[in-house]
Amino acid sequence: MSDPNIRVAVPGDGEVLGELDRATWSTLHEVMPPPQPPYRPFFDEHHRPDGCLVAELAGSVVGYIRLVRPTPLASNAHVRQIQGLAVAATARRHGVGRALLRAACADARRQGATRITLRVLGPNTPARELYAAEGFAVEGVLPGEFHLAGRYVDDVLMGRGLTAY
């Protein structure tokens, strides 16, 4: 498989990204109930296309990552937060998630950010390992923060600096 093409989302990507989001839904990474029709739009006033990077392989969308300012505060303007990362099952273990993470870090740097953060559920070992391999460190744990699929799971806060890396 070749390297994915990473680009900024456009409004027309909303439908395919919504489908990808629904296809990849799992309690391994999602705290909201499974999506049910009528589906909410993928893009809205808080999640715009320009805050989303899309991965393509052979011209097909196979992943995305959302990168946003965590708060509107000027004192927090140097931070970007990943608020969603999904890779189609057929494209996993082919470097798509890693390429999206690296592109998000580069995009955050271009925006002037010096830090990037994310939240990941404790049992999501594949994601945690990927984040750690890309320089993210655990900065906090909220034990038993969510009750999912009959058990309590931790909410793990991770982050890293965006200086030369």
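Preceding this paragraph is the structure being described.
On to the pattern of salt bridges, then. Applying the stated criterion across every chain yields a total of eight salt bridges. With a closest N to O distance of 2.7 Å, R7 and D13 form a salt bridge. Classification of R7 as partly exposed rests on a relative accessible area of 23%. Classification of D13 as buried rests on a relative accessible area of 7%.

What the seven strands build is an open sheet, ordered 1-2-3-4-5-7-6; its pairing is mixed. Each having just a single partner strand, strand 1 (5–8) and strand 6 (137–148) make up the two edges of the open sheet. Taken over all neighbouring pairs, the strand axes of this sheet differ in orientation by 25° on average, direction set aside. Relative to strand 7 (residues 151–161), strand 5 (residues 115–121) runs antiparallel, the two sharing seven bridges. Note that in strand 7 the partner of R119 across the bridge is L157. Helix 1 (residues 14–23) rests against strand 2 (52–57), strand 3 (60–68) and strand 4 (79–87) of the sheet, and its axis sits at about 90° to strand 3. Along the sheet, helix 2 (residues 96–110) contacts strand 1, strand 2, strand 3, strand 4, strand 5 and strand 7; its crossing angle with strand 3, the most-contacted strand, is approximately 40°.

Another point: the nonpolar core. One recurring pattern in soluble globular proteins is that nonpolar side chains are buried together. Of all hydrophobic cores here, the largest spans 37 residues; its most connected members are L17, I82, V96, I116, Y131 and F136. Secondary-structure elements contributing two or more residues to this core are helix 1, strand 2, strand 3, strand 4, helix 2, strand 5, helix 3 (125–133) and strand 7. Here this core takes seven residues from helix 2, the largest share from any one element. Setting aside residues no more than four positions away along its own chain, V96 makes contact with P4, A55, L57, V62, V87 and A91.

Looking down a regular strand, the side chains alternate between one sheet face and the other. Strand 5 sits mainly inside the fold: five of its seven residues count as buried. Pairing of strand 4 with strand 5, which is carried by four bridges, proceeds in the parallel orientation. When the sheet's bridge partners are listed, I82 is paired in strand 5 with L118. Once you follow strand 4 into helix 2 and on to strand 5, the crossover reads as right-handed.

Calculation notes
- Residues numbered from 1 in each chain as written.
- Predicted model: local features only at pLDDT ≥ 70, side-chain atom pairs only at ≥ 80, totals over all residues.
- Heavy atoms only, no water.
- Salt bridge = Lys/Arg side-chain N within 4 Å of Asp/Glu carboxyl O.
- Buried < 20%, exposed > 50% of the residue type's maximum accessible area, 1.4 Å probe, protein only.
- Pairing = 2+ DSSP bridges.
- Helix = DSSP H or I, 4+ residues; strand = E, 2+ residues; numbered from the N terminus.
- Axes fitted to C-alpha atoms, helices over the stretch in contact; angles between N-to-C directions.
- Contact = heavy atoms within 4.5 Å.
- Core = buried A, V, L, I, M, F, W, Y, C linked by side-chain atoms within 4.5 Å.
- Right-handed = clockwise from strand over helix to strand, strands pointing away.

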